[in-house]
Amino acid sequence: MRGKAEARRDAGGPVAVAGAGLTGASWAGLFAAHGVEVRLYDRDPSRREEARLRAEEAARFLAAVGLADGTRVEAGLALLRTVGDPAAAFAGVTLMQECVTEDLQVKRQVFAQAAAHAPAEALLATSSSGLSVSAIQEGVRRPERCLAAHPYNPPHLVPLVELAPGALTTSETLERAWAFYAAMGKEPVVLRRDVPGYIANRLSAALWREAIELVRTGVASVADVDRAVVTGPGLRWAVMGPHLLYHLGGGPGGIRGHLDHLAGVKEGMLRDLATWTTFPADTADVLETGLAAETSGRSTAELAEVRDQALAAILAAGATDRVAAGRDAAAAGAGSDRAEAVVVRGVHGKAVAVAPGATRTTLAWGRRSVLVRFDLEPEAVIPMHAHPHEQTGYLVAGDLTLVGEAGEWALEPGDGWSLPGRLVHGARSRRGAVAVEVFTPLRGEYLPGPPPLEPHPTGFFSDRLENGRGPKAPPGR
Ligand SMILES: NC(=O)c1ccc[n+]([C@@H]2O[C@H](COP(=O)([O-])OP(=O)(O)OC[C@H]3O[C@@H](n4cnc5c(N)ncnc54)[C@H](O)[C@@H]3O)[C@@H](O)[C@H]2O)c1
């Protein structure tokens, strides 16, 4: 039977969140909502207490809007602790999410503390928006496990996390981090090197400069510029990025057709856009006046509530997933109706040995679940173990006996089963078996790492299954 430590590793924790400010509280809420044990570390006791309450609020909000499972949220929150001592914060963690003040010396100090107290293989991730992870990891013991994992505010709600390597970071670190954040329901994108602002903030900065300029030069009000973004391009950007949208805008000629037709018009605009690199002195005055009209007396807290509810509604509708779903489902040979209904975030087919005579193949995963195939040879035994993930299974072929502490269940092809998280169980097969199982939430270690940069080759499944290159049917079937 696997021990407590292994079951905990499956849950992806314990995890330390260093710095209990705005960002730290939100990260802590997200991790706890996925049932992970979180240590919220800050040197300031009042920040710790405030952050604990905000983390609880964030996690419960995710459950309330249907983005997390209520039972798991409460289980995760029961494990959440605030800590004022770095040794206690970092001992035994699998990952540190650093969110302290944006100051290189402060961050280096916290990374040094984490490196001194955390296990050698723990991942050390900075949330920094503006500092280079290459600079932060300098002088840290085992710097290859440091990376940037930059969230977009608020981290518990906005799926994006930008993973960037420093000069000394290994690709294995990025792969492990990718699997961890994907298991936390995040949408990781991987940069090949760390650049100031990563991807999203660079794009935001370019857009905001022009938005400010449109107001400063009297072209439109703050409210109208904001409205133009929300009801026009912003709405489209929630489902497709600028490259894909312009590709569609080019009609049958695609992106090349778009450039052929519109490059001249766009170049005219580009020549007219603001190019300043220092904010004009009147920026705050001009924006404050316009924002007073736009907010018409609503407080920041009220507006944040509106933002979070609307973001949750968009996410719950699954709209942001449809492009990826279409791509991966098409690659898997599924029809377009299926792409609407099933959000498939990746397909993967490498068989991994899990016990003598037993292999596991990850077939596909979504935001919250992973679909896995198990192949057991005759007399294979899966030892007793426990993990925090709910598991729903279906025996496709062969025979399978599920073993629990309360008894044994002999299954026939066509039988299904459902096991709650943390149940101690095992299995064995006499003649061999093929079973499929869904694990919820995602088991990070079942994900293969960052998806390939190119779309998956069309015909992936049919190639594996029809040409007989996939796992063999069990004997005796
Ligand atoms: N605020 C955002 O929207 C946002 C978004 C993405 C990333 N980030 C990044 O997250 C980080 C934190 O930003 P924030 O806005 O949450 O800041 P914040 O000021 O709200 O919180 C920082 C916390 O760090 C604590 N701290 C400072 N030094 C410490 C030390 N040596 N040991 C332990 N705790 C210490 C402070 O007490 C404070 O509670 C920054 O690097 C920032 O760039 C922020």
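On a predicted model such as this, the values are computed, not experimentally measured, just so you know.

(A) Looking closely at the overall build of the protein chain. A tally of helices and strands in the protein chain yields 18 helices and 19 strands. Classification of the 477 residues of the protein chain by burial places 35% in the buried group. Long-range contacts, defined here as pairs at least 24 residues apart, represent 67% of the contacts in the protein chain between residues at least 6 apart.

(B) How the structure looks around the site of the ligand. In the region of the ligand, 25 residues are neighbours, and G19, G21, T23, S129 and N153 sit closest. Within the residue set of the shell around the ligand, elements represented by two or more residues are α2 (22-33), α6 (104-117) and β6 (146-151). Its residues assigned to classes, the shell around the ligand comprises eight nonpolar, 12 polar and five charged.

(C) The nonpolar core, seen in detail. One finds A28, M96 and L147 to be the most contacted residues of the largest nonpolar core, which totals 85 residues. Top contributing element to this core by residue count: helix α8 (residues 171-183), with eight residues. Taken domain by domain, the makeup of this core includes at least three residues from each of domain 1 (4-198) and domain 3 (346-466). Apart from residues lying up to four places away in sequence, A28 is in contact with V17, V38, L40, A51, A55 and L80.

(D) Local environment of the sheet that holds strand β15 (residues 400-404). Read from one edge to the other, the open sheet built from four strands follows the order β13-β18-β15-β16, with strand pairing classed as antiparallel. At either end of the open sheet lies a strand with only one pairing partner, and these are β13 (381-385) and β16 (407-411). This sheet shows a mean twist of 15° between the axes of neighbouring strands, independent of strand direction. Relative to β16, β15 runs antiparallel, the two being bridged by five bridges. The partner of V403 across the bridge, within β16, is E408.

(E) Focus on the confidence of the model for the protein chain. Averaged over every residue, the pLDDT of the protein chain is 85; the share at 70 or more is 84%. Segment residues 1-11 is flagged for pLDDT under 50; beyond a separation of four residues in sequence, or across chains, it makes 20 contacts in the model.

(F) Here's a closer look at the sheet that holds strand β3 (residues 81-83). Taken in spatial order, the eight strands of this open sheet run β3-β2-β1-β4-β5-β6-β7-β8, and their pairing is mixed. Edge positions in the open sheet fall to β3 and β8 (187-190), since each of these has one partner strand only. The average angle at which neighbouring strand axes cross in this sheet is 25°, direction not considered. Here strand β7 (residues 160-165) pairs with β8 via four bridges, running parallel. Directly across from V161, in β8, lies its bridge partner P188. Here α2 sits on the sheet in contact with β1 (15-18), β2 (38-41), β4 (95-98) and β6, set at roughly 170° to β2.

(G) Expanded view of α6. Under the 1.5 Å per step criterion, the end-to-end length of α6 is 20 Å for 14 residues, consistent within 8% with the ideal 20 Å. By the burial criterion, the buried members of α6 are K107, V110, F111, A114 and A115. Down the axis of α6, the sector holding all buried residues measures 140°, keeping them to one side. The exposed set on the far side of α6, more than 90 degrees from its buried face, consists of Q105 and A116. Tucked inside the fold, the buried residues of α6 contact β1, α5 (86-90), β4, β5 (123-126), α7 (133-137) and β6.

(H) Highlighting the environment of V38. For V38, the location among the structural elements is in strand β2. Given 31 C-beta atoms within a 10 Å radius, V38 is considered buried. Sequence spacing of V38 and L77 is 39 residues, and the spatial spacing of their C-alpha atoms is 8.3 Å. Non-local contacts of V38, meaning those with residues more than four positions away in its chain, are made with V15, V17, A28, F31, A32, L79 and L80.

(I) The pairing of strand β11 (residues 358-365), seen in detail. Pairing analysis gives four bridges linking strand β10 (residues 351-355) to β11, with the strands arranged antiparallel. The residue bridging A355 from the neighbouring strand is A358, located in β11. Where β10 folds back on β11, the antiparallel hairpin that results is connected by two residues, among which G357 adopts a positive phi of roughly 80°. Sheet analysis places β11 next to strand β12 (residues 370-376), joined by seven bridges and oriented antiparallel. Residue pairing across strands places A364 opposite L371, the latter belonging to β12.

(J) Highlighting helix α15 (residues 300-316). Along its 17 residues, α15 runs 24 Å from first to last C-alpha, staying within 8% of the 24 Å computed at 1.5 Å per residue. A positive phi of about 75° marks G318, the residue just after α15.

(K) Looking closely at the environment of E57. Of note, E57 is situated in helix α3 (residues 45-64). A residue is classified by how many C-beta atoms lie within 10 Å of it, and E57, with 13 of them, is partly exposed.

(L) Focus on unusual backbone geometry. With omega at -10°, the peptide bond leading from N153 into P154 counts as cis. If you trace the backbone, P154 turns up in the loop between β6 and β7. We note that S296 has phi near 35°; this positive angle belongs to a residue other than glycine. Non-glycine residue E379 carries a positive phi angle of around 70°. If you trace the backbone, E379 turns up in the loop between β12 and β13.

What counts and what doesn't
- Residues numbered from 1 in each chain as written.
- Predicted model: local features only at pLDDT ≥ 70, side-chain atom pairs only at ≥ 80, totals over all residues.
- Helix = DSSP H or I, 4+ residues; strand = E, 2+ residues; numbered from the N terminus.
- Buried ≥ 20, exposed ≤ 12 C-beta atoms within 10 Å, placed from the backbone.
- Contact = placed C-beta atoms within 7 Å.
- Near = placed C-beta within 6 Å.
- Nonpolar A, V, L, I, M, F, W, Y, C, P; charged D, E, K, R; others polar.
- Core = buried A, V, L, I, M, F, W, Y, C linked by C-beta atoms within 7 Å.
- Domains from an automatic or database assignment.
- Pairing = 2+ DSSP bridges.
- Axes fitted to C-alpha atoms, helices over the stretch in contact; angles between N-to-C directions.
- pLDDT = per-residue confidence, 0-100.
- Expected span 1.5 Å × (residues − 1).
- Arc of directions from axis to C-beta.

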